[in-house]
Amino acid sequence: MNIQVEEVITLQVPASAEYIDLVRLTLYGLAVKIGFSYEEIEDMKVAVSEACNNAVLYAYGDLSTGEAAPVPQPAPRIEVRFIKKNDALSIIVKDDGRSFDASAAAARAKPVDGKSIDELQAGGLGLFLMQALMDDVEVNSETGTEVVLTKRLVKSGEL
(Lines give C-alpha, C1' and ligand atoms only; values in the text may rest on other atoms or scores of the structure.)
Protein backbone atom coordinates (compact mmCIF):
# COMPACT_ATOMS: atom_id res chain seq x y z
CA MET A 1 0.00 0.00 0.00
CA ASN A 2 1.54 3.28 -1.14
CA ILE A 3 0.18 6.18 0.91
CA GLN A 4 0.70 9.56 -0.74
CA VAL A 5 2.29 11.93 1.76
CA GLU A 6 2.33 15.66 1.03
CA GLU A 7 4.38 18.33 2.73
CA VAL A 8 3.78 21.99 1.89
CA ILE A 9 6.37 24.75 2.19
CA THR A 10 5.03 28.26 1.57
CA LEU A 11 7.09 31.31 0.69
CA GLN A 12 5.79 34.84 0.12
CA VAL A 13 8.04 37.39 -1.56
CA PRO A 14 7.53 40.92 -2.87
CA ALA A 15 6.61 40.99 -6.57
CA SER A 16 10.06 42.22 -7.54
CA ALA A 17 12.76 40.59 -9.67
CA GLU A 18 15.33 40.89 -6.89
CA TYR A 19 13.45 38.32 -4.76
CA ILE A 20 13.19 35.57 -7.40
CA ASP A 21 16.59 34.23 -6.25
CA LEU A 22 15.03 33.41 -2.86
CA VAL A 23 12.44 31.25 -4.63
CA ARG A 24 15.16 29.53 -6.68
CA LEU A 25 17.31 28.88 -3.59
CA THR A 26 14.35 27.41 -1.69
CA LEU A 27 13.54 25.20 -4.66
CA TYR A 28 17.16 24.05 -4.91
CA GLY A 29 17.38 23.10 -1.24
CA LEU A 30 14.12 21.19 -1.30
CA ALA A 31 14.79 19.43 -4.63
CA VAL A 32 18.20 18.21 -3.42
CA LYS A 33 16.60 16.74 -0.27
CA ILE A 34 13.98 14.95 -2.38
CA GLY A 35 16.61 13.43 -4.68
CA PHE A 36 16.23 15.22 -8.01
CA SER A 37 19.25 15.24 -10.33
CA TYR A 38 21.25 18.39 -11.03
CA GLU A 39 19.74 18.66 -14.53
CA GLU A 40 16.17 18.26 -13.24
CA ILE A 41 16.79 20.93 -10.60
CA GLU A 42 18.19 23.34 -13.19
CA ASP A 43 15.11 22.77 -15.38
CA MET A 44 12.82 23.45 -12.41
CA LYS A 45 14.75 26.61 -11.50
CA VAL A 46 14.33 27.98 -15.03
CA ALA A 47 10.61 27.11 -15.07
CA VAL A 48 9.91 28.67 -11.65
CA SER A 49 11.90 31.77 -12.65
CA GLU A 50 9.69 32.14 -15.74
CA ALA A 51 6.53 31.82 -13.66
CA CYS A 52 7.78 34.39 -11.12
CA ASN A 53 8.99 36.76 -13.86
CA ASN A 54 5.54 36.63 -15.47
CA ALA A 55 3.98 37.64 -12.14
CA VAL A 56 6.46 40.50 -11.69
CA LEU A 57 6.15 41.80 -15.27
CA TYR A 58 2.50 41.25 -16.12
CA ALA A 59 0.36 40.73 -13.03
CA TYR A 60 1.00 44.04 -11.36
CA GLY A 61 2.13 46.17 -14.30
CA ASP A 62 5.08 48.52 -14.07
CA LEU A 63 5.58 49.17 -10.37
CA SER A 64 8.47 51.55 -10.99
CA THR A 65 6.38 54.52 -12.22
CA GLY A 66 6.30 56.05 -8.76
CA GLU A 67 2.74 57.30 -9.23
CA ALA A 68 0.79 57.35 -6.00
CA ALA A 69 -2.19 55.02 -5.87
CA PRO A 70 -5.47 56.79 -5.03
CA VAL A 71 -6.16 54.31 -2.21
CA PRO A 72 -3.35 52.69 -0.24
CA GLN A 73 -2.85 49.17 -1.53
CA PRO A 74 -0.96 46.30 0.05
CA ALA A 75 2.44 45.76 -1.53
CA PRO A 76 2.17 43.28 -4.43
CA ARG A 77 3.37 39.83 -3.44
CA ILE A 78 3.97 36.46 -5.02
CA GLU A 79 3.11 33.34 -3.05
CA VAL A 80 5.05 30.20 -3.89
CA ARG A 81 3.99 26.85 -2.49
CA PHE A 82 6.22 23.82 -2.82
CA ILE A 83 4.23 20.61 -2.46
CA LYS A 84 6.51 17.67 -1.78
CA LYS A 85 4.94 14.30 -2.58
CA ASN A 86 6.39 10.79 -2.49
CA ASP A 87 6.98 10.79 -6.24
CA ALA A 88 6.85 14.44 -7.37
CA LEU A 89 7.34 18.08 -6.53
CA SER A 90 4.69 20.64 -7.44
CA ILE A 91 5.48 24.34 -7.36
CA ILE A 92 2.55 26.75 -7.29
CA VAL A 93 3.29 30.38 -8.17
CA LYS A 94 0.34 32.61 -7.32
CA ASP A 95 -0.22 36.34 -7.72
CA ASP A 96 -3.29 38.47 -7.08
CA GLY A 97 -2.72 40.85 -9.98
CA ARG A 98 -4.19 40.92 -13.47
CA SER A 99 -5.27 37.49 -14.64
CA PHE A 100 -3.58 35.80 -17.57
CA ASP A 101 -5.60 33.76 -20.08
CA ALA A 102 -3.19 30.98 -21.04
CA SER A 103 -5.48 29.35 -23.61
CA ALA A 104 -5.99 32.66 -25.46
CA ALA A 105 -2.22 33.30 -25.43
CA ALA A 106 -1.56 29.82 -26.82
CA ALA A 107 -4.11 30.41 -29.59
CA ARG A 108 -2.38 33.68 -30.57
CA ALA A 109 1.06 32.07 -30.63
CA LYS A 110 2.53 31.62 -34.10
CA PRO A 111 5.36 29.41 -35.29
CA VAL A 112 8.72 31.16 -35.62
CA ASP A 113 9.80 29.27 -38.75
CA GLY A 114 11.76 31.36 -41.23
CA LYS A 115 12.10 34.40 -38.98
CA SER A 116 15.37 36.03 -38.11
CA ILE A 117 16.20 36.86 -34.50
CA ASP A 118 15.44 40.54 -35.21
CA GLU A 119 11.88 39.66 -36.31
CA LEU A 120 10.96 37.73 -33.16
CA GLN A 121 8.83 39.43 -30.53
CA ALA A 122 10.08 39.33 -26.98
CA GLY A 123 7.91 37.65 -24.39
CA GLY A 124 5.21 35.07 -24.69
CA LEU A 125 7.56 32.09 -24.75
CA GLY A 126 7.60 31.61 -20.97
CA LEU A 127 4.62 29.25 -20.93
CA PHE A 128 6.09 27.09 -23.69
CA LEU A 129 9.44 27.01 -21.89
CA MET A 130 7.75 25.94 -18.64
CA GLN A 131 5.88 23.18 -20.51
CA ALA A 132 9.11 21.95 -22.09
CA LEU A 133 10.97 21.80 -18.78
CA MET A 134 8.30 20.37 -16.48
CA ASP A 135 6.19 17.20 -16.60
CA ASP A 136 2.93 19.08 -16.09
CA VAL A 137 1.95 22.77 -16.22
CA GLU A 138 -1.46 24.19 -15.34
CA VAL A 139 -2.51 27.84 -15.43
CA ASN A 140 -5.53 28.95 -13.41
CA SER A 141 -6.75 32.52 -13.93
CA GLU A 142 -9.71 33.21 -11.72
CA THR A 143 -8.40 35.81 -9.28
CA GLY A 144 -4.91 36.67 -10.31
CA THR A 145 -2.89 33.91 -11.90
CA GLU A 146 -1.79 30.61 -10.45
CA VAL A 147 0.80 28.51 -12.28
CA VAL A 148 1.19 24.91 -11.11
CA LEU A 149 4.46 23.31 -12.19
CA THR A 150 4.98 19.60 -11.49
CA LYS A 151 8.10 17.48 -11.90
CA ARG A 152 7.92 13.76 -11.21
CA LEU A 153 10.78 12.05 -9.43
CA VAL A 154 12.19 9.20 -11.48
CA LYS A 155 14.28 6.80 -9.43
CA SER A 156 17.33 5.39 -11.23
CA GLY A 157 15.79 1.89 -11.48
CA GLU A 158 12.57 3.17 -13.07
CA LEU A 159 13.97 4.31 -16.40
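Here is what the cut-offs are and how they apply
Residues numbered from 1 in each chain as written. Predicted model: local features only at pLDDT ≥ 70, side-chain atom pairs only at ≥ 80, totals over all residues. Heavy atoms only, no water. Helix = DSSP H or I, 4+ residues; strand = E, 2+ residues; numbered from the N terminus. Buried < 20%, exposed > 50% of the residue type's maximum accessible area, 1.4 Å probe, protein only. Areas by Shrake-Rupley, 256 points an atom, 1.4 Å probe, with all protein chains shown as cover. Contact = heavy atoms within 4.5 Å. Pairing = 2+ DSSP bridges. Axes fitted to C-alpha atoms, helices over the stretch in contact; angles between N-to-C directions.

(A) Representation of the overall build of the protein chain within the structure. Regarding its fold elements, the protein chain presents four helices and five strands. Counting from the amino terminus, helix and strand elements in the protein chain follow one another as β-α-α-β-β-α-α-β-β. Taken across its 159 residues, the protein chain has 34% of its residues classed as buried. Summed over its atoms, the accessible surface of the protein chain is roughly 10200 Å², and 53% of this surface lies on carbon and sulfur atoms.

(B) Spatial organisation of the environment of Val-137. Mapped onto the elements, Val-137 comes out in strand E4 (residues 136–140). When near neighbours in sequence (up to four residues on either side) are disregarded, Val-137 contacts Leu-127, Met-130, Gln-131, Val-147, Val-148 and Leu-149.

(C) Fine view of the sheet that holds strand E5 (residues 145–152). Overall, antiparallel pairing links the five strands, which are arranged E1-E2-E3-E5-E4 in an open sheet. Bordering the open sheet on either side are strand E1 (7–14) and E4, each of which pairs with just one other strand. Within this sheet the neighbouring strands show an average axis-to-axis angle of 15°, counted without direction. The sheet contact formed by E4 and E5 spans five bridges and is antiparallel. Pairing of Val-137 across the sheet is with Leu-149, part of E5. The strands that helix H1 (residues 20–34) touches are E1, strand E2 (77–84) and strand E3 (88–95); relative to E2, the one it contacts most, it runs at about 5°. Contacting E4 and E5, helix H4 (residues 126–133) runs over the sheet at an angle of about 145° to E4.

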